[in-house]
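Structural features, examined
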Amino acid sequence: MSAARSARVVAVTSGKGGVGKTFLAANLAAALAARGERVLVLDADLGLANLAVALGLHPETTLHGVFAGKRRLEDAIVPAPGGFSVLLAGSGLVEYARLTPKLREQLLAVIEDVRPRFDRVLLDTGAGVSDVVLYTVSLADDALVVATPEPTSLTDAYAAIKVLATEQRRRTILLAANQTSLRGEGNSIRNQLQTVTGRYVKTASGAPLALEYLGEVRSDPSVRQAAQKRRLLLEAYPGSGAAQAVVAIAGRLSAVRA
Amino acid sequence: MPSAVATLRHLATRPERSASIDPAQLRLGEAIQLLLQAGYALPVGADFSARSLQSLIDGLCELSSRDALTGLANRRTFELALEREIDRVARAGEPALMLMIDIDHFKSVNDTHGHAAGDLVLKAVARTLVDCVRPMDTVARFGGEEFAVVLPNCPPAFGAAVAERLREGVHGTPVEVGTQLMLQVTISVGGAFAPQWVRSSAPLWVERADQQLYQAKADGRNRACLEHPLVSNVSAEEKALLFSSSQFEDPE
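Residues numbered from 1 in each chain as written. Chains lettered and ligands numbered in written order. Predicted model: local features only at pLDDT ≥ 70, side-chain atom pairs only at ≥ 80, totals over all residues. Heavy atoms only, no water.

Let us now look at the sheet that holds strand β7 (residues 172-180) of chain A. Residue and element names in this part refer to chain A. With mixed pairing, 8 strands are arranged side by side in an open sheet as β3-β4-β2-β5-β1-β6-β7-β8. Each edge of the open sheet carries a strand with a single partner, namely β3 (77-80) and β8 (210-218). Each strand of the sheet is rotated relative to its neighbour by a mean of 25°, with strand direction disregarded. Pairing analysis gives 4 bridges linking strand β1 (residues 8-13) to strand β6 (residues 142-147), with the strands arranged parallel. Along β6, the bridge assignment pairs A11 with A143. Sitting on the sheet, helix α1 (residues 21-34) is in contact with β1, β2 (39-44), β4 (84-87), β5 (120-125), β6, β7 and β8, with an inclination near 170° to β5. Along the sheet, helix α6 (residues 131-138) contacts β1, β2, β5 and β6; its crossing angle with β5, the most-contacted strand, is approximately 170°. (Pairing = 2+ DSSP bridges. Helix = DSSP H or I, 4+ residues; strand = E, 2+ residues; numbered from the N terminus. Axes fitted to C-alpha atoms, helices over the stretch in contact; angles between N-to-C directions. Contact = heavy atoms within 4.5 Å.)

Here we take up the sheet that holds strand β3 (residues 146-151) of chain B. Residues and elements named next belong to chain B. The sheet built from 5 strands is open, its strands ordered β2-β3-β1-β6-β7 with mixed pairing. The open sheet has two free edges, formed respectively by β2 (138-143) and β7 (224-226), since each of these has just one partner strand. When strand polarity is set aside, the average angle formed by the axes of neighbouring strands in this sheet is 20°. Pairing analysis gives 3 bridges linking strand β6 (residues 187-193) to β7, with the strands arranged parallel. Looking across to β7, one finds that G191 is bridged to L226. Against the sheet, helix α8 (residues 156-171) contacts β1 (97-103), β3, β6 and β7, and its axis sits at roughly 165° relative to β6.

Residues and elements named next belong to chain A. Structurally, T13 can be placed in strand β1. Of the residues examined, T13 reaches a relative accessible area of 2% and is grouped as buried. Within polar-contact distance, the side chain of T13 engages the side chain of T125 at 3.1 Å. T13 has contacts with K21, T125, G126, V133, V137, L144, V145, V146 and L164, leaving out every residue within four places of it along the chain. (Buried < 20%, exposed > 50% of the residue type's maximum accessible area, 1.4 Å probe, protein only. Polar contact = N/O pair within 3.5 Å; in protein donor to acceptor, adjacent residues only side chain to side chain.)

On to the packing of aromatic side chains, then. Any two aromatic rings considered together are summarised by their centre-to-centre distance and by the angle between their planes. Residue and element names in this part refer to chain B. Taken as a whole and assessed by the stated rule, the structure comprises 1 aromatic pair over all chains. Between F78 and F142 the ring centres are 6.0 Å apart and the planes differ by 90°, which places this aromatic pair in the edge-to-face class. Of this pair, F78 sits in helix α5 (residues 75-92) while F142 sits in strand β2, placing them 64 residues apart in sequence. With respect to burial, F78 and F142 carry one shared label: buried. Seen from the ring of F142, R75 lies directly overhead, with NZ or CZ sitting 3.9 Å from the centre. (Phe/Tyr/Trp six-rings, centres within 6.5 Å; stacked < 30°, edge-to-face > 60°. Lys NZ or Arg CZ within 6 Å of the ring centre and 35° of its normal.)

Here the focus is the environment of G220 of chain B. All names here are of chain B. With respect to the element layout, G220 can be found in the loop between α9 (202-218) and β7. On the accessibility criterion, G220 (48% relative accessible area) is partly exposed. Along the primary structure G220 and D104 are separated by 116 residues, whereas in three dimensions their C-alpha atoms are 9.8 Å apart.

Residue and element names in this part refer to chain A. In this structure, L42, L87, V114, V121, L123, I173 and L193 are the most contacted members of the largest nonpolar core, which totals 56 residues. No other element matches helix α7 (residues 151-167), which puts 8 residues into this core. Judged by nonpolar contacts, the second largest core, of 43 residues, contains L144, A242, V246 and A250. (Core = buried A, V, L, I, M, F, W, Y, C linked by side-chain atoms within 4.5 Å.)

Residues and elements named next belong to chain A. Where α1 contacts helix α11 (residues 241-255), the two axes come as close as 9 Å, and the packing angle between them is 70°. One way to sum up the angle between α1 and α11 is to call them roughly perpendicular. Facing α1, whose interface residues are F23, L24, N27, L28, A31 and L32, α11 presents V246, V247, I249, A250, L253 and S254. Each residue belonging to the contact of α1 with α11 can be placed in one class, and the counts come to 10 nonpolar, 2 polar and no charged. (Parallel < 35°, antiparallel > 145°, perpendicular 65-115°, else oblique. Nonpolar A, V, L, I, M, F, W, Y, C, P; charged D, E, K, R; others polar.)

All names here are of chain A. Within the secondary structure layout, R5 lies in the segment before β1. Sequence separation between R5 and D119 is 114 residues; the distance between their C-alpha atoms is 7.6 Å. Apart from residues lying up to four places away in sequence, R5 is in contact with R38, P116 and D119.

Between the first and last C-alpha of α1 of chain A there are 20 Å, a value that for 14 residues agrees with the 20 Å anticipated at 1.5 Å per step. Trailing α1 of chain A by a residue or two, G36 of chain A shows a phi angle of about 100°, which is positive. (Expected span 1.5 Å × (residues − 1).)

This part is about the pairing of β1 of chain A. All names here are of chain A. Most of β1 sits out of view: 6 of its 6 residues are buried. Note: β1 against β5, 5 bridges, orientation parallel. For V9, the partnering residue across the bridge sits in β5 and is V121.

With that out of the way, let us pick up the environment of E94 of chain B. Residue and element names in this part refer to chain B. Examined against the element boundaries, E94 turns out to sit in the loop between α5 and β1. Accessibility expressed as a relative area gives 25% for E94, which makes it partly exposed. Separated by 61 residues in the primary sequence, E94 and P155 place their C-alpha atoms 8.1 Å from one another.

Here you go:
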């Protein structure tokens with residue numbers, strides 16, 4: 001918060017893996033960049049390097065190199081197709097499964113370092129509610145939970161929302177639905193989650209948790225086709241229904257203010 | 001290392017070359033002796049066809065992947081299995097369990113009844129452990145009187161039951177170490193799940209299972225201690241409400 005301008009940090013997270021966090025983070029970044037924002041996507045799914053695969057990037061310098069003290073942060077921030085920047089985790093047999101005091105410090109330092117340089121930073125976190133994931137989300141201004149209609153995804157999304165509301169004292173959590181089949185299914189997911197959180201989740205102030213619904217991306221073959229080409233959906237199939245849905249979500253996200 | 005692999009691949013893709021090996025230039029005596037000593041039936045003779053060489057190599061591979069005394073996977077094979085499992089857990093999120101097992105008071109078996117008795121105990125425990133797990137699980141002799149098991153696709157709910165089955169199996173199988181002498185053997189078991197969706201490392205996973213093993217020892221031996229996996233913070237009631245709409249169906 002040192003400079004006059006400081007990025008709004010959004011953690012894209014989910015209870016379950018494989019629900020499209022990385023897809024959404026990368027394409028939201030492209031959509032936000034198209035709206036004129038300076039956007040950075042930070043691959044916080046440490047050790048898996050999903051974002052690099054999704055974008056077809058093979059950077060020499062990664063967050064792993066920065067954490068190891070071998071590289072400068074400046075060199076690890078690279079341009080991605082889609083008009084935004086990425087900070088890739090890099091894979092390696094390095095252990096990031098456990099939240100050590102050192103890892104805490106490093107993650108915090110990186111985020112504080114990039115804040116003044118961008119308008120928005122998207123953190124593509126790992127799945128689940130491990131302490132590394134929770135800590136990463138705690139560094140963000142907004143938490144965006146991605147859920148699909150699949151039952152385990154919905155249960156895990158609820159579990160994640162509950163933890164974020166109770167342990168991080170968040171009063172508002174953003175929600176986006178992915179891979180829905182019927183129009184309006186995302187809205188039903190939101191309503192179900194809101195009903196259960198309304199009854200079982202108590203925020204610190206006692207007020208009910210607000211789930212701010214950003215929209216849904218319905219199942220669309222172009223998503224898979226773009227992934228196979230290792231390209232952004234917004235670049236490969238900008239006219240697809242899914243791409244337009246992402247653009248709409250980006251619009252609502254950029255309107256979010258605490 | 002990669003260059004050696006490349007060379008082998010190169011050889012493998014050129015079968016016409018392998019037929020032209022001059023048997024007189026190969027020193028196979030020691031390899032054959034090792035395999036015979038380990039009880040392998042070999043087509044030994046003057047015939048050095050590609051096929052007999054292949055069976056010799058297969059035999060050596062098998063020999064170098066197993067523990068000589070117990071016939072279990074050895075440390076090297078176990079570490080390969082671990083790496084494979086870590087990869088799968090990171091990519092697919094399947095739960096996997098590792099158990100570290102130590103025979104209780106093994107030193108006193110050796111001291112009291114001799115090393116031959118100790119060997120019999122090691123073999124018997126190895127057999128019992130193999131009988132208590134699925135064929136897809138890897139049981140290995142980790143070293144000394146320590147064993148390790150890696151169980152792919154093992155949901156947290158079943159972990160404790162498996163560990164307990166192993167403990168009970170060994171406890172209920174006295175080992176005959178001499179005429180009229182049956183020894184009651186017990187084991188301590190420590191277990192840890194691989195962190196799902198995250199790429200872990202083999203040493204850390206082993207370390208976590210080891211910590212549980214120390215705990216089992218400290219708690220008095222002949223018991224199993226498992227690291228608590230992250231339990232869901234969602235109650236049955238909450239789940240029922242979450243799936244109360246007919247639109248979503250909870251499979252459980």
